[in-house]
Number of protein chains: 2
Amino acid sequence: MTTRWLTPEEQRAWRAYVAASLLLEDAIDRQLQQDAGMPHLYYSILSVLSESPERRLRMTDLAERLKITRSRLTYAVTRLEKDGLLRREACRYDKRGSIAALTDDGFAVLDRAAPGHVETVRSLLFDRLSEEQVGQLEEISAAIAQGLQEDGARPASDDVPWRRRSSPACS
Amino acid sequence: MTTRWLTPEEQRAWRAYVAASLLLEDAIDRQLQQDAGMPHLYYSILSVLSESPERRLRMTDLAERLKITRSRLTYAVTRLEKDGLLRREACRYDKRGSIAALTDDGFAVLDRAAPGHVETVRSLLFDRLSEEQVGQLEEISAAIAQGLQEDGARPASDDVPWRRRSSPACS
DNA sequence: TAGGTTTGTTTCAAACTTGAACCAAGCCTG
DNA sequence: CAGGCTTGGTTCAAGTTTGAAACAAACCTA
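Cut-offs used in this document
Residues numbered from 1 in each chain as written. Chains lettered and ligands numbered in written order. Predicted model: local features only at pLDDT ≥ 70, side-chain atom pairs only at ≥ 80, totals over all residues. Heavy atoms only, no water. Least-squares fit on C-alpha atoms with pLDDT ≥ 70 in both. Contact = heavy atoms within 4.5 Å. Pairing = 2+ DSSP bridges. Helix = DSSP H or I, 4+ residues; strand = E, 2+ residues; numbered from the N terminus. Axes fitted to C-alpha atoms, helices over the stretch in contact; angles between N-to-C directions. Expected span 1.5 Å × (residues − 1). Bend = angle between axes of the 7 residues up to and from the residue. Buried < 20%, exposed > 50% of the residue type's maximum accessible area, 1.4 Å probe, protein only. Phe/Tyr/Trp six-rings, centres within 6.5 Å; stacked < 30°, edge-to-face > 60°. Lys NZ or Arg CZ within 6 Å of the ring centre and 35° of its normal. Parallel < 35°, antiparallel > 145°, perpendicular 65-115°, else oblique. Left-handed = near helix turned anticlockwise from the far one by under 90°. Core = buried A, V, L, I, M, F, W, Y, C linked by side-chain atoms within 4.5 Å. Buried area = accessible area lost by both parts, 1.4 Å probe. Salt bridge = Lys/Arg side-chain N within 4 Å of Asp/Glu carboxyl O.

Under the annotation held in an unreviewed UniProt entry, chain A carries the name MarR family transcriptional regulator and is attributed to Streptomyces djakartensis.

Pasting the structure below:
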């Protein structure tokens, strides 16, 4: 089949999107590096942990939520642990398991950095979009993400319900 | 002033967006790494060059179009040059200048990889969006990008027209 | 035109990411 | 319960990114 090239509208949208996402991530990384001494992803790790039951999560669950590889997460967690912002704990139900638990220091860092981060996201993103556009962005993003997460490995809906691999905090 | 936290709608949109952009970039990087042996950014460098007059561009102009730092570009161009996909040339009008020029090999690689790349972008993105959403995505992206590019250094509109630092290909 | 500032680019070390390989522990199935 | 497959996590080397510092050439301006 001959290639279905992008239409001019699609080209424009694609280029605009690529540019915007690059610029936005860069700006957010810079802000957080400045104010919290860590890149966006690392901040997100702390943030996700802070909202999890008992402020702890298994590595795989964490990686899944953040949409990153386990290897990448291992590296990041090692750094954050060195900084004392989280602690690794053993999982008592599964000896292979490793749990990342936010420390008080970690929570404090998050707490201090959150206002600045939110302000940045707001001023760079939401202040520039109408309410309608916020909804559109969510829908578009959800559509994209959905396509990229069809696990392929996940059983059909009438199959065994997807077994939770671990209790939320496994302890 | 007390922090204006994100509304639930904004939270959802933000998280969906972050997840989607991560997943999408990853998928595209993987595809291009597979099929062209280089990450998305490197492919974009070749692509931008291929559309420029004489298939060449000054480093700074290239960096500006791609929204990346000059340092990042230097590294990437060095690699691509080693691979023989582009060549660095001196700029005769400005001895500081360096020009990246696409080689025939570079063009050939691009040519071979383009259909697969487009197919990927299409299937992961455009096939999942309505025509309307494509327009929305462009507008949203443009709004974001605009906010992030107000150079601050750029002169006011009634000032001297922004001097082009280099002719398109400077040769 | 000398001296100072700006611009274009590279360099360097430190940090981060990638993907494949590895190891251990859990989970079968015969 | 043994062998074999799967899952959870880390390790390692190679590749990439970052940001500050270094240079050199160009551009003032007195």
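J.: Can you explain the relation of the copies chain A and chain B? Please cite residues and give values.
T.: For the pair chain A and chain B, the superposition axis carries a translation of 0.0 Å, the fit reaches an RMSD of 0.0 Å, and the rotation angle comes to 180°. Expressed as an axis order, the relation between the two copies is that of a two-fold axis. Looking at the interface residues of chain A, 100% of them are also at the interface in chain B, so both copies use one shared face.

J.: So what's going on with the sheet that holds strand β1 (residues 56–58) of chain B? Which residues, and what values?
T.: All names here are of chain B. With antiparallel pairing, three strands are arranged side by side in an open sheet as β1-β3-β2. Strands at the two margins of the open sheet, each flanked by one partner only, are β1 and β2 (86–90). Each neighbouring strand pair of the sheet contributes to a mean axis angle of 25°, computed without reference to strand direction. Taken together, the five bridges between β2 and strand β3 (residues 98–102) define a ladder with antiparallel strand orientation. Paired with Ala-90 across the strands is Ser-98, a residue of β3. Running over the sheet, helix α2 (residues 40–50) touches β1, β2 and β3 and is turned about 90° from β3.

J.: Go over helix α5 (residues 104–124) of chain B, please, and point to the residues and values.
T.: Taking 1.5 Å as the rise per residue, α5 of chain B with 21 residues should run 30 Å; its terminal C-alpha atoms sit 30 Å apart, in good agreement. Of all the bends in α5 of chain B, the greatest, near 40°, is centred on Ala-114 of chain B, and the proline Pro-115 of chain B appears no more than four residues after it. Burial in α5 of chain B covers these residues: Gly-106, Val-109, Leu-110, Ala-113, Ala-114, His-117, Val-118, Thr-120, Val-121, Arg-122 and Leu-124 of chain B. Buried residues along α5 of chain B sit against α1 (8–36) and α6 (131–149) of chain A together with α1 (8–36), α2 and β3 of chain B.

J.: Please provide a residue-by-residue account of the packing of aromatic side chains, values included.
T.: Enumeration according to the criterion identifies two aromatic pairs over all chains in this entry. For Arg-55 of chain A, the ring lying beneath its charged end belongs to Phe-107 of chain A, and the centroid distance is 3.7 Å.

J.: Any chance you could break down the packing of α1 of chain B against α5 of chain B for me, citing the residues and the numbers?
T.: All names here are of chain B. Interhelical geometry of α1 versus α5 gives an angle of 160° and a closest axis separation of 10 Å. Considered as vectors, α1 and α5 are oriented roughly antiparallel to each other. As for how α1 packs across α5, the hand of that crossing is right-handed. Seen from α1, the contacting residues are Leu-24, Ala-27, Ile-28, Gln-31, Leu-32 and Ala-36; seen from α5, they are Ala-113, Gly-116, His-117, Thr-120, Val-121 and Leu-124.

J.: Can you explain the nonpolar core? Please cite residues and give values.
T.: Inside soluble globular proteins, nonpolar side chains tend to come together where they are buried. Ranked by size, the top nonpolar core spans 99 residues in total, and within it Ile-45 of chain A together with Ile-45 of chain B carry the most contacts. No other element matches the eleven residues that α1 of chain A contributes to this core. If near-sequence neighbours (up to four positions away) are discounted, Ile-45 of chain A is found in contact with Leu-62, Leu-66, Leu-73, Ala-76, Leu-80 and Leu-86 of chain A.

J.: How would you sum up the sheet that holds strand β3 (residues 98–102) of chain A? Please name residues and give values.
T.: All names here are of chain A. The three strands lie next to each other as β1-β3-β2, forming an open sheet whose pairing is antiparallel. A strand with exactly one partner marks an edge of an open sheet, and here the two such strands are β1 (56–58) and β2 (86–90). Sheet twist, expressed as the average angle between the axes of neighbouring strands with direction ignored, equals 25°. Packing against the sheet, helix α3 (residues 59–66) makes contact with β1, β2 and β3, and its axis sits at approximately 95° to β1.

J.: Lay out the interface of chain A and chain B in plain terms, naming residues and giving numbers.
T.: Note: interface size is frequently given as the accessible area lost on complex formation between the parts. Listed per partner, the contact involves 58 residues of chain A and 58 residues of chain B. Between chain A and chain B, the buried area comes to about 5400 Å², and carbon and sulfur atoms account for 68% of it. If you look at where chain A meets chain B, you find ten salt bridges. Among the ionic pairs, Arg-4 of chain B bridges to Glu-119 of chain A, the shortest N-O distance being 3.9 Å.

J.: Lay out the environment of Ala-36 of chain B in plain terms, naming residues and giving numbers.
T.: Residue and element names in this part refer to chain B. On the secondary structure map, Ala-36 appears in helix α1. On the basis of relative accessibility, which here comes to 17%, the residue Ala-36 falls in the buried class. Along the backbone, Ala-36 and His-117 are 81 residues apart, and their C-alpha atoms lie at a distance of 9.3 Å.

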